[in-house]
Amino acid sequence: MGRQRNEGEGNKTADRNYRKATQEFVESERGQREIDKAGNVSPREEQDIRRAEEQAKQRAKEHDPAEMIRGGSGPGASESRPGSSGSSRDSRSGH
């Protein structure tokens, strides 16, 4: 058995194989069925999707360092940053 060559990032062989498999799936009967039903969700599923999106956006705002630097008014904006406790005590002094 021959040993496969490691093409690293930008692996052209893997890209070619992926594109070929994707094209074959899209053109297949199963692929066409999946495409036809894509986006068809019940009102309950739509509500769940929107709720999940909002929760993800909240978490992203809470942990976005750029928001913290800009002094954003969102959740977490008033939390103290590491090293900014206002204490005159040097944390490296071992006290």
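Because the structure is a prediction, the values reported are computed rather than measured.

Novice: Account for the environment of V41, naming residues and giving values.
Specialist: Assignment of secondary structure puts V41 in the loop between helix 2 (29-37) and helix 3 (43-62). Not counting chain neighbours up to four residues away, the residues in contact with V41 comprise E46 and I49.

Novice: Residues and numbers for the packing of helix 1 (residues 12-27) against helix 2, please.
Specialist: Contact geometry of helix 1 with helix 2 gives a least axis separation of 4 Å together with a crossing angle of 75 degrees. Here helix 1 is positioned roughly perpendicular relative to helix 2, judged by the angle of their axes. Contacts between helix 1 and helix 2 involve F25, V26 and E27 on the former and, on the latter, E29, R30, G31, Q32, E34 and I35. Across the contact of helix 1 with helix 2, the residue classes tally to 3 nonpolar, 2 polar and 4 charged.

Novice: Tell me what's going on with the pattern of salt bridges, and back it up with residues and numbers.
Specialist: Overall, the coordinates contain 7 salt bridges when judged by the stated rule. E24 is the salt-bridge partner of K20, the closest N and O atoms lying 3.9 Å from each other. Of this pair, K20 and E24 both sit in helix 1, 4 residues apart, which is roughly one turn of the helix. Assessed through its relative accessible area of 54%, K20 is described here as exposed. Judged by its relative accessible area of 45%, E24 falls in the partly exposed class. The structure contains a network of salt bridges with shared partners spanning R44, D48 and R51.

Novice: Tell me about a nonpolar patch on the surface, residues and numbers included.
Specialist: Side chains of F25, V26 and I35 sit close together on the surface and give an oily, nonpolar patch of about 220 Å² of accessible area. With respect to the helices, strands and loops of the structure, F25 is situated in helix 1. Take F25: its relative accessible area is 32%, and that puts it in the partly exposed class.

Criteria and thresholds
Residues numbered from 1 in each chain as written. Predicted model: local features only at pLDDT ≥ 70, side-chain atom pairs only at ≥ 80, totals over all residues. Heavy atoms only, no water. Helix = DSSP H or I, 4+ residues; strand = E, 2+ residues; numbered from the N terminus. Contact = heavy atoms within 4.5 Å. Axes fitted to C-alpha atoms, helices over the stretch in contact; angles between N-to-C directions. Parallel < 35°, antiparallel > 145°, perpendicular 65-115°, else oblique. Nonpolar A, V, L, I, M, F, W, Y, C, P; charged D, E, K, R; others polar. Salt bridge = Lys/Arg side-chain N within 4 Å of Asp/Glu carboxyl O. Buried < 20%, exposed > 50% of the residue type's maximum accessible area, 1.4 Å probe, protein only. Patch = residues over 30% accessible without salt bridge, like charges linked within 9 Å, V, L, I, M, F, W, Y side chains within 5 Å. Areas by Shrake-Rupley, 256 points an atom, 1.4 Å probe, with all protein chains shown as cover.

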